[in-house]
Amino acid sequence: MAEELIVPTSTDRATVYKALFPQIEALVTTESDLIANLANVAAALKEAFGFFWVGFYIVKEGQLVLGPFQGPIACTRIAFDKGVCGASYSQKKTLIVPDVEEFPGHIACNSASKSEIVLPVFHRNGTVAMVLDVDSDELNDFSEVDAEELGKIIRLIERKL
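Everything quoted here is computed from the prediction, not taken from an experiment.

### Regarding the nonpolar core
- If you look at the biggest cluster of nonpolar residues, it comprises 32 residues, and the most contacted ones within it are L45, F56, L132 and L150.
- Looking at this core, the elements that each hand over two or more residues are helix 1 (13-29), helix 2 (34-49), strand 1 (53-60), strand 5 (115-122), strand 6 (128-136) and helix 4 (144-158).
- Sort the elements by how many residues they give to this core and helix 2 lands first, with seven residues.
- If you look at the next biggest cluster of nonpolar residues, it comprises 16 residues, including L64, A74, V100 and V128.

In structure tokens, the structure reads:
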């Protein structure tokens, strides 16, 4: 895989995800290092969609700890019962938040974040290993298309755990 991402100029997210998936798959399948893979996934998603913030919070020391990301500096540690990331971890499900100001207990790492999607990443034994957190500086920026397509990308990472 070349160090260049080929992103279609389409504004249709499904089209962009369709073009992006095989490129991310090629990156992840040929690399054994988890941190390298997480870094490239975050970078590819940020570059392809221009999301405000994309990154991973990894389960460590009884909390979610900041992992590879792209965007402004972020909260370093999140309790399992705090914010959208903690809720996704605790509920073991993808959460789409159209307006973060309306999410009870939202953690404002950056006031420019307006909407968010968080997906849990599972170990083979069914426990949550980490979450993928994607923030937008636009309200209501995420849909079921994002949930489904990001879920496919997450499964590539889960195969490596």
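### Looking at the packing of aromatic side chains
- Counting across every chain of the model gives six aromatic pairs.
- Measuring from ring centre to ring centre gives 5.9 Å for W53 and Y57, while their planes differ by 25°; the resulting arrangement is stacked. Each member of the pair W53 and Y57 is classed as buried.
- Here a set of aromatic residues connected by ring pairs shows up, and it is made of Y17, F49, F51 and F142.

### Description of the sheet that holds strand 1
- One open sheet holds the six strands; their spatial order is 3-2-1-6-5-4, and the pairing between them is antiparallel. Across the chains shown, the open sheet's two edge strands, defined by having one partner strand only, are strand 3 (77-78) and strand 4 (95-97).
- Across two bridges, strand 2 (residues 63-70) lies against strand 3 in antiparallel orientation. Note on strand 3: the bridge partner recorded for L64 is I78.
- Running at roughly 35° to strand 5, helix 3 (residues 83-91) makes contact with strand 1, strand 2, strand 3, strand 4, strand 5 and strand 6 of the sheet.
- Its contacts with the sheet place helix 4 against strand 1, strand 4, strand 5 and strand 6, and it is angled at close to 30° to strand 5.

### Some remarks on the packing of helix 1 against helix 4
- Axis separation between helix 1 and helix 4 bottoms out at 10 Å; the angle between their running directions is 5°. Between helix 1 and helix 4, the angle falls in the class roughly parallel. Packed against helix 1, whose contacting residues are R13, A14, Y17, F21, I24, E25 and V28, the element helix 4 presents V145, D146, E149, L150, K152, I153 and L156 at the interface.
- Residues of the contact of helix 1 with helix 4, tallied by class, amount to nine nonpolar, no polar and five charged.

### Section: the environment of Y89
- Inspection of the secondary structure puts Y89 in helix 3.
- Between the C-alpha atoms of Y89 and I58, which are 31 residues apart in sequence, the distance is 10 Å.
- Setting aside its immediate chain neighbours within four residues, Y89 contacts V59, L64, F80, V128 and V131.

### Some points on the pattern of salt bridges
- All told, the structure shown has five salt bridges when counted by the stated rule.
- The partner of R13 in a salt bridge is D141, with the nearest N and O atoms 2.9 Å apart. Of this pair, R13 sits in helix 1 while D141 is found in the loop between strand 6 and helix 4, placing the two residues 128 residues apart along the sequence.
- Relative accessible area serves as the criterion here: at 18%, R13 is assigned to the buried category.
- Since its relative accessible area comes to 17%, D141 is described here as buried.
- One salt bridge in this structure joins E148 and K152, with 3.9 Å as the shortest N-O distance. A residue pair is termed a helical-turn pair when its members lie 3 or 4 positions apart in one helix, as E148 and K152 do in helix 4 at four residues.

Rules behind the numbers
- Residues numbered from 1 in each chain as written.
- Predicted model: local features only at pLDDT ≥ 70, side-chain atom pairs only at ≥ 80, totals over all residues.
- Heavy atoms only, no water.
- Core = buried A, V, L, I, M, F, W, Y, C linked by side-chain atoms within 4.5 Å.
- Buried < 20%, exposed > 50% of the residue type's maximum accessible area, 1.4 Å probe, protein only.
- Helix = DSSP H or I, 4+ residues; strand = E, 2+ residues; numbered from the N terminus.
- Phe/Tyr/Trp six-rings, centres within 6.5 Å; stacked < 30°, edge-to-face > 60°.
- Pairing = 2+ DSSP bridges.
- Contact = heavy atoms within 4.5 Å.
- Axes fitted to C-alpha atoms, helices over the stretch in contact; angles between N-to-C directions.
- Parallel < 35°, antiparallel > 145°, perpendicular 65-115°, else oblique.
- Nonpolar A, V, L, I, M, F, W, Y, C, P; charged D, E, K, R; others polar.
- Salt bridge = Lys/Arg side-chain N within 4 Å of Asp/Glu carboxyl O.

In short, the description is geometric, and any link to function would need to be established separately.
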